[in-house]
Every structure is written in C-alpha cells, then in structure tokens.
Amino acid sequence: MPVMSMFAPAHLLRHAGITVAACLLIAAALTALGQGLWDINLAYSLTIGLISWLSIDLLRLRWRESDQIQWPRGMRGMAVVPLGIAAGLVLGNPLGSLYVQQFHPELPATGRPSLWLPFAITMATSIAMSWGFYVVGKSRHLQMQAEQAQRQAAEARLSLLQAQLEPHMLFNTLANLRVLIASDAPRAEQMLDHLIAYLRATLAGSRNGTHSLASEFALLTDYLALMQIRMGDRLTYSLTLPADLAGLPVPPLLLQPLVENSIRHGVEPQLAGGHIAVQAEMLDDSHLLLSVHDNGLGLPELPGQPPSGSGFGLQQIRERLASRYGSAARFDLTADSAGGTRACIVLPLKPQP
C-alpha cells in the first residue's frame, strides 16, 4: 500500500506548511546577513527545505514501526534525518542554481549564497523540526492510548452494570414465567420468546462497539414487553423511531439503563403504574436526540441540588458518552413539569476524531 494512502493528507500538508514557514524565515535570515538577494535565498531555501522535509517524512513513514508509532527505531530512526538533509542538499542546490540561471543570468557566482551557511541552517532546522514532529507525534500517540484506555474502562463498567442489572431482571422474569406456565401457557410462551430475544440482543450488543438505532429499539421492545407481562396493565409504553434514523450507529445498551431506571424508580413504585415513552428525533442538522420519558413518581428532591441523577447506571452513561464523543455529546436527567422524569441524550451525527 503506498505511503500516502495510509496516512491522512492533512497530516503531511500540515508538516509542509510548517516547513514553508521555516524556509521563509531562513531566507529572511540569509538576506539580513548579507548572503544574497531575497528571491534567490528563498529559492534555495524552499528547494532544499521542502526536499529535506519530504524525504524525512516519507522515510520515517516507510520505515515506521507501526501505524501507532510513526517513527522507526534503531539505526533507521537515526539515519532518517541525515538522509533527508543529504537529499535536500544534493537535489535542492541544483534547483536553486537553475533558478539563478533562469532569472538572474547576469549575477556572478559570487553573488550566490555560500554553501556552508545554507548547509548549517538546513541541518539545524531539519533536526529541530524533526524533533518537534516526533514529540508531537508521540504526544498524540500517548493521548490516543489514554482515550482507548478510557473507552475500555467504560465498556468494562458497562459489563459490570449488566452483571448487576440482568440477574435481578432475569430472576423476576423466571419467577413470573413459572407462575404463567401453570396459569396462562400462551402468555408464558410469549414471555419466553421476548426473554430469548432480549438475551440474544444483549449478548450481541456487548460484543460490538456500536449497533444500529433500530437494534437498540428492538432490544428495548423485548425488554419492555417482558416488563409489561410482569407488571400487567400497570405498565404501558411507546417507542418512536423514524425510518430515516433507524440505521444510525449508537453505542449498544445506551438506553436500556434509562428505561430500567424509569421502571424501577418511577413507574413500578407507583400504585397505578405509568407510561414510558422512548423517542428518537433530529435535534438539528448535526445532532440526534434520544429521550426516555415517564410519568412515574419523579426524581427525589434534594435540598440545594438540582435533580440531575447520580446512580451507577446514569454515571456510567455519562462516562461512556464522554469517552466516545467528548464534549460533543450531552446527557440530562430532569423532573418533568407535568410529573415524572425525562432523560435526554444528545449525540453528534458525525464521529469525533
């Protein structure tokens, strides 16, 4: 695979822009030191500097240890900068001389910059810039490792959350299933079908980083159907997913803890039960809004604090969103003015870098 196809063009273009800026400074310094005309100094500086930069960047990418560590180790790493400088001097000087012959044919050879000074400046600048690119690349690599560790920790907490929530739900479901087998076999069969579908979807979701919004809503459908069989008429629900949003990728099991929270703390403790509404909609051209609304007991009022919710499941959702989307995602849990609780998740449509 060609080197250029393996790395974003913006990465090389950024280095090229820095190199051009350095060449301008070198040309200005040579001119200020009385080492020839400005345009000639710039011609030599650009040809030597750009060839040196391009040679160093292509060699380090060609000999890199891995996609994460983009600088070669050992002798190759030590040889990259000298080889790049040599290429810049060998190829750049003739090009600079060609410029002088074309645009200043009357200028004698003594009017051209001395070889030793551009050589010294080129070597010093190339070494400094290469070191700077190396430090920035290493810092970016360490940052990526830290972000990956945060994502892995968030997924581990997701597994812990599932380990805490699913046995509780599973034991209650099996207890109800045992009663229904004797009293209402068709409902018991229906409950068992939903339980199998829910467990299958949960297992698949725990193995993937993302799945479609349609899959997330299908999982919620099975979960809410199970809870409705257990709670009977005390629980009603609605799920609204526009067809044009069904294929959007979302983290798996993102909404299930919110629905679980609504049932456990809002609807189930209420004698009359309640209704849960799950909805997906476009907030604007670049953001998706996911909401879970119930008309249950609502959030407990804490003196001096807003009802933001701080349970393990809710904190885990915040951390997952922060690790995957950074500040581009938002999670809010508020008390609804008409009673009950509203949880809202705002996700960017485009993945974050």
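A quick note: this is a predicted structure, and the numbers were derived from the prediction, not measured.

J.: Report on the overall build of the protein, specifying residues and quantitative values.
T.: In terms of regular secondary structure, the protein is built from nine helices and seven strands. In the protein, which comprises 353 residues, the share counted as buried stands at 39%. The long-range share in the protein, meaning contacts at least 24 apart out of those at least 6 apart in sequence, stands at 72%. Element-wise, carbon and sulfur atoms account for 62% of the exposed surface of the protein, whose accessible area totals about 18,900 Å².

J.: How would you explain the pairing of strand E6 (residues 330-335) if you had to name every residue and give the values?
T.: Walk down a regular strand and you will see the side chains alternate between the two sheet faces. Pairing analysis gives six bridges linking E6 to strand E7 (residues 341-348), with the strands arranged antiparallel. By the bridge assignment, Phe-331 is partnered in E7 with Ile-345.

J.: Please give an account of the sheet that holds strand E4 (residues 274-284) that cites residues and values.
T.: Taken in spatial order, the five strands line up as E2-E4-E5-E7-E6 in an open sheet, and their pairing is mixed. Each of the sheet's edge strands pairs with one partner strand only, and the pair in question is strand E2 (235-240) and E6. If you compare each strand with its neighbour and ignore which way they point, the axes differ by 15 degrees on average. Strand direction decides the pairing type here: E4 and strand E5 (residues 287-294), joined by eight bridges, are antiparallel. The residue bridging Ala-280 from the neighbouring strand is Leu-290, located in E5. Relative to the sheet, helix H7 (residues 213-231) contacts E2, E4 and E5, its axis offset from that of E2 by approximately 170 degrees. Contacting E2, E4, E5, E6 and E7, helix H8 (residues 256-267) runs over the sheet at an angle of about 145 degrees to E4.

J.: A description of the environment of Leu-180 should follow, citing residues and the corresponding values.
T.: Positionally, Leu-180 belongs in helix H5 (residues 116-183). Taking relative accessible area as the criterion, Leu-180 reaches 10% and is therefore assigned buried. It is 9.0 Å that separates the C-alpha atoms of Leu-180 and Met-191, two residues lying 11 residues apart in sequence. Beyond its immediate stretch of four places on either side in the chain, Leu-180 contacts Ala-185, Arg-187, Ala-188, Met-191 and Ile-229.

J.: Describe the pattern of salt bridges, listing the residues and the values that go with them.
T.: Taken as a whole and judged by the stated rule, the model has three salt bridges. Arg-330 is the salt-bridge partner of Asp-332, the closest N and O atoms lying 2.9 Å from each other. A residue is classified by how much of its surface remains accessible, and Asp-332, at 32% relative accessible area, is partly exposed. Judged by relative accessible area, Arg-330 falls into the partly exposed class, the value being 43%. With its nearest N and O atoms 3.6 Å apart, the salt bridge here joins Arg-342 to Asp-336.

J.: A description of unusual backbone geometry should follow, citing residues and the corresponding values.
T.: Within the chain, Leu-253 stands out as a residue other than glycine whose phi angle is a positive 60 degrees. As for its placement among the helices and strands, Leu-253 is situated in the loop between strand E3 (249-250) and H8.

J.: Describe H8, and please don't skip the residues or the numbers.
T.: Of all 12 residues in H8, nine are buried, a share of seventy percent or more. Those residues of H8 that sit buried are Gln-256, Pro-257, Leu-258, Val-259, Glu-260, Ser-262, Ile-263, Gly-266 and Val-267.

J.: Requested: an account of the side chain of Glu-216, with residues and values cited.
T.: You can see Glu-216 is positioned in helix H7. Notably, Glu-216 is buried but unbridged: the nearest opposite-charge side chain belongs to Arg-320, and the N-O separation is 6.9 Å. Here the side chain of Glu-216 touches Leu-253 through a polar contact of 3.0 Å, landing on its backbone nitrogen.

J.: Could you give me a rundown of the confidence of the model for the protein, with the residues and numbers involved?
T.: On average, the protein scores 76 in pLDDT, and the residues at 70 or more come to 70%. Predicted confidence is poor over residues 1-8, with pLDDT under 50, and the contacts of this stretch with residues over four places away or in other chains come to nine contacts. Across residues 302-310, where pLDDT falls below 50, the model places 10 contacts with residues more than four positions away in sequence or in other chains.

J.: Outline a nonpolar patch on the surface, supporting the account with residue identities and numerical values.
T.: On the surface, a nonpolar cluster with roughly 250 Å² of combined accessible area is contributed by Val-20, Leu-24 and Trp-38. Relative to the helices and strands, Val-20 resides in helix H2 (residues 9-32). We classify Val-20 as partly exposed; its relative accessible area is 32%.

J.: Please give an account of the side chain of Asp-222 that cites residues and values.
T.: Take Asp-222: it is sitting in helix H7. If near-sequence neighbours (up to four positions away) are discounted, Asp-222 is found in contact with His-194, Ala-197 and Tyr-198.

J.: Account for the packing of H7 against H8, naming residues and giving values.
T.: For any two helices packed against each other, one specifies the crossing angle of their axes together with the interaxial distance. Two elements in contact, H7 and H8, have axes separated by 10 Å at closest approach and are oriented at 20 degrees. Between H7 and H8, the interaxial angle falls into the category roughly parallel. Where H7 crosses over H8, the handedness of that crossing is right-handed. Contact with H7, carried on its side by Glu-216, Leu-219, Leu-220, Tyr-223, Leu-224, Met-227 and Met-231, involves Gln-256, Val-259, Glu-260, Ile-263 and Val-267 of H8 and no other residues of that element. Of the residues that constitute the contact of H7 with H8, the class distribution is nine nonpolar, one polar and two charged.

Thresholds, definitions, all that
Residues numbered from 1 in each chain as written. Predicted model: local features only at pLDDT ≥ 70, side-chain atom pairs only at ≥ 80, totals over all residues. Heavy atoms only, no water. Helix = DSSP H or I, 4+ residues; strand = E, 2+ residues; numbered from the N terminus. Buried < 20%, exposed > 50% of the residue type's maximum accessible area, 1.4 Å probe, protein only. Contact = heavy atoms within 4.5 Å. Areas by Shrake-Rupley, 256 points an atom, 1.4 Å probe, with all protein chains shown as cover. Pairing = 2+ DSSP bridges. Axes fitted to C-alpha atoms, helices over the stretch in contact; angles between N-to-C directions. Salt bridge = Lys/Arg side-chain N within 4 Å of Asp/Glu carboxyl O. Lys, Arg positive; Asp, Glu negative; His and termini not counted. Polar contact = N/O pair within 3.5 Å; in protein donor to acceptor, adjacent residues only side chain to side chain. pLDDT = per-residue confidence, 0-100. Patch = residues over 30% accessible without salt bridge, like charges linked within 9 Å, V, L, I, M, F, W, Y side chains within 5 Å. Parallel < 35°, antiparallel > 145°, perpendicular 65-115°, else oblique. Left-handed = near helix turned anticlockwise from the far one by under 90°. Nonpolar A, V, L, I, M, F, W, Y, C, P; charged D, E, K, R; others polar.

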